[in-house]
Amino acid sequence: MSFIIRFINNFIDNFSDKFYQNIIAENRWQLIIKGLLITLEVTFFAVLLGIVIGFVVAIIRSTYETTVKPNLLFKIINFISKVYLTVIRGTPVIIQLLIVYFVIFASVDINKVVAAVIAFGINSGAYVAEIVRSGIMSVDKGQFEAGRSLGLNYFQTMITIVLPQALKNILPALGNEFIVLLKETSVSGYIALMDLTKAADTIRSRTYEAFFPLLTAAFIYLILVMILSAGVTRLERWLRKSDRR
Amino acid sequence: MIVVKNLHKKFNSEIEVLRGVDQHIRPGEKVVIVGPSGSGKSTFLRCLNLLEQPTQGEIWFDGQLINAKNVDIDKVRARMGMVFQHFNLFSHKTVIQNITLAPIKLKLQSPEEAKENALQLLRRVGLEDKADAYPSQISGGQKQRIAIVRSLAMNPKVMLFDEPTSALDPEMVGEVLDVMKELADSGMTMVVVTHEMGFAREIATRVLFMDDGKILEEAPPKEFFSNPENPRLKEFLSKIL
């Protein structure tokens, strides 16, 4: 008990001192801001890449499942998609990041942000693909048939009728995936990319003070996630307007 | 207008749902198909616009063999309207968007034309006040009337109805049948799978009885109902009338 009280006393006494040391001195806050921008940059472009890959793979997989007699090329494409999903979902994201940076782009002088975007984008794409596929399957088959019976072709039906409804159903899962992705980028330090986490950790190693830099980083992540969740909720409400009674 | 020759359909290469159907549907005819459930009537109807791919046989529409390779089936379907048991209105679109989507997307009409046309059709079925409603906000009978209108907006040459009143509450059947009757009077060629014998008697030019994947009897409604020949049709009619 006395230990806790001493800790709190100590903490309050030193608060402004520590704050100055860890955040203000030597412009350390700039490190945090720069790290935050890197984190946002990586997350944003990885999300975009993940969405593109995810939708393409999902459409390939669900089209394959409904095709009665797929031709050889289609079989190969579907097989590649399946391998992609299995490998990406079956290995840790840190390993994938390290492989992208140190193996695939070993001989090229690649920007670390680009390497991170590629690694996290490819990783996210696999999860997005499965989410979107479940969304496509959740849309009643009759919607698809109605579109086709009016003379729309497969892709017109998919894009104007099935996907908008699928998207509405999967939005919570998709939003969650992006929140996970934002937090996953915190392992970017493994390729020495100065993201938010790495910035905080760098300050820690300079000041020998863990509390302030790490909690600052945690707090910023929390705020970002809360903003993202609020955004998803609003988007969901907007997409649900056709459900009003 | 539609000629069907020796149509076979197998599911999972085992269950044979259609076992050789021949039909000739002429312009302006209203063909009603009745039969017990599982007899293949819906499958037959769905083969006509190739929502089901036949395993054997020929389907001709407007002088074109449509189940051949290299046929642009989307072009064919644009000229064949289809109404489903469960309406299948696009639930994320308003009523008017449901109706105008295909004509605009397929560039058959300009957005203004399509809208004008849609409103006129809605007026015809007395639902112009629902133009901006979403499908979840209207009743089953209204949904089905709008589904019919959605098909009509494509100016089809033939309309296929797959048990259009089977999913409706009884008090809503009438309003849908009225629309179909009006459509029949306007000269539309219609193929209707239904359990509404009253409708068959009143509207059909020909009634087909299907059982076990075959057409066992066909006749004008008067003969069909008063003088059935096939024993299975007799049994069927005795159960439902």
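Everything discussed here concerns the structure shown above.
Parameters and conventions
- Residues numbered from 1 in each chain as written.
- Chains lettered and ligands numbered in written order.
- Predicted model: local features only at pLDDT ≥ 70, side-chain atom pairs only at ≥ 80, totals over all residues.
- Heavy atoms only, no water.
- Helix = DSSP H or I, 4+ residues; strand = E, 2+ residues; numbered from the N terminus.
- Rg over C-alpha atoms; globule rule 2.2 N^0.38 Å.
- Buried < 20%, exposed > 50% of the residue type's maximum accessible area, 1.4 Å probe, protein only.
- Contact = heavy atoms within 4.5 Å.
- Areas by Shrake-Rupley, 256 points an atom, 1.4 Å probe, with all protein chains shown as cover.
- Lys, Arg positive; Asp, Glu negative; His and termini not counted.
- Charge placed at Lys NZ, Arg CZ, Asp CG, Glu CD.
- 1 Å grid on protein atoms, 1.4 Å probe; cavity = no way out; pocket = protein on both sides within 12 Å on 5 of 7 lines; lining within 4 Å.
- Points joined across faces, edges and corners; volume = space filled by probe spheres on them.
- Buried area = accessible area lost by both parts, 1.4 Å probe.
- Salt bridge = Lys/Arg side-chain N within 4 Å of Asp/Glu carboxyl O.
- Axes fitted to C-alpha atoms, helices over the stretch in contact; angles between N-to-C directions.
- Parallel < 35°, antiparallel > 145°, perpendicular 65-115°, else oblique.
- Left-handed = near helix turned anticlockwise from the far one by under 90°.
- Nonpolar A, V, L, I, M, F, W, Y, C, P; charged D, E, K, R; others polar.
- Pairing = 2+ DSSP bridges.
- Expected span 1.5 Å × (residues − 1).
- Bend = angle between axes of the 7 residues up to and from the residue.

This part is about the overall build of chain B. Looking only at helices and strands, one finds 9 helices and 10 strands in chain B. Expected size for 241 residues packed as a compact globule is a radius of gyration near 18 Å; at 18 Å, chain B falls within 12% of this value. Out of the 241 residues belonging to chain B, those deemed buried represent 56%. Nonlocal contacts in chain B, meaning residues at least 24 apart in sequence, comprise 65% of its contacts between residues at least 6 apart. Of the accessible surface of chain B, which amounts to about 10500 Å², a share of 46% is contributed by carbon and sulfur atoms. The positive charge centre, built from 31 side chains, and the negative charge centre, built from 32, are 4 Å apart in chain B.

Attention now goes to the overall build of chain A. A count of helices and strands for chain A gives 9 helices and 0 strands. The secondary structure elements of chain A, listed N-terminal to C-terminal, are α-α-α-α-α-α-α-α-α. Taken over C-alpha atoms, the radius of gyration comes to 23 Å for chain A, far larger than the 18 Å a tight globule of 245 residues would show. C-alpha extents for chain A along the principal axes are approximately 75 × 55 × 35 Å. For chain A, buried positions account for 44% of its 245 residues. Here the contacts in chain A between residues at least 6 apart in sequence split such that 75% fall between residues at least 24 apart.

Looking now at empty space enclosed by the protein. Residues and elements named next belong to chain B. Using the criterion set out here, one finds 1 cavity of 30 Å³ or more in the structure. Here the largest cavity defines a volume of roughly 50 Å³. Taken together, Leu121, Arg124, Val125, Val149, Leu152, Val179, Glu182 and Leu183 make up the full set of residues lining the largest cavity. Counting residues per element, the ones that place at least two in the lining of the largest cavity are helix H4 (111-124), helix H5 (140-152) and helix H6 (170-185).

Another aspect to go through is the interface of chain A and chain B. The interface of chain A with chain B comprises 23 residues on the first partner and 26 residues on the second. Counting each side, the surface lost to burial between chain A and chain B is near 2100 Å², with a carbon and sulfur contribution of 55%. Summed over the shared surface of chain A and chain B, the number is 2 salt bridges. For B:Asp74, the salt bridge identified is with A:Arg148, shortest N-O distance 3.1 Å.

As a further point, take the packing of H4(B) against H5(B). When two helices pack together, their arrangement is captured by the angle between the axes and the distance separating the axes. Residues and elements named next belong to chain B. Close contact between H4 and H5 brings their axes to 10 Å; oriented N to C, the two are set at 140°. One element, H4, and the other, H5, form an angle in the oblique class. The two elements H4 and H5 meet at a crossing, and its hand is right-handed. Touching Leu121, Leu122 and Arg124 of H4 are Ile146, Val149 and Leu152, all from H5. For the contact of H4 with H5, the class distribution of residues is 5 nonpolar, no polar and 1 charged.

The subject of this paragraph is the sheet that holds strand S3 (residues 30-34) of chain B. All names here are of chain B. With mixed pairing, 6 strands are arranged side by side in an open sheet as S6-S7-S8-S3-S9-S10. Two strands in the sheet have a free side with no partner beyond their single neighbour: strand S6 (80-83) and strand S10 (214-219). With strand direction ignored, the average angle separating the axes of adjacent strands in the sheet is 20°. Taken together, the 4 bridges between S6 and strand S7 (residues 158-162) define a ladder with parallel strand orientation. Bridging from a neighbouring strand, Gly81 pairs with Met159 of S7. Running at roughly 150° to S7, helix H1 (residues 41-48) makes contact with S3, S6, S7, strand S8 (189-193) and strand S9 (206-211) of the sheet. Contacts from H6 reach S3, S7 and S8, with the element oriented near 145° to S8.

In this section: helix H1 (residues 2-24) of chain A. Residue and element names in this part refer to chain A. For H1, with 23 residues, the first-to-last C-alpha span of 32 Å sits near the 33 Å given by 1.5 Å per residue. Considering bend angle alone, the principal kink of H1 is centred on Asn14 and spans about 55°. Following H1 by one or two positions, Glu26 adopts a phi angle in the positive range, close to 50°.

Structurally, A:Thr43 can be placed in helix H2 (residues 28-66). Beyond its immediate stretch of four places on either side in the chain, A:Thr43 contacts A:Leu181, A:Leu182 and A:Thr185.

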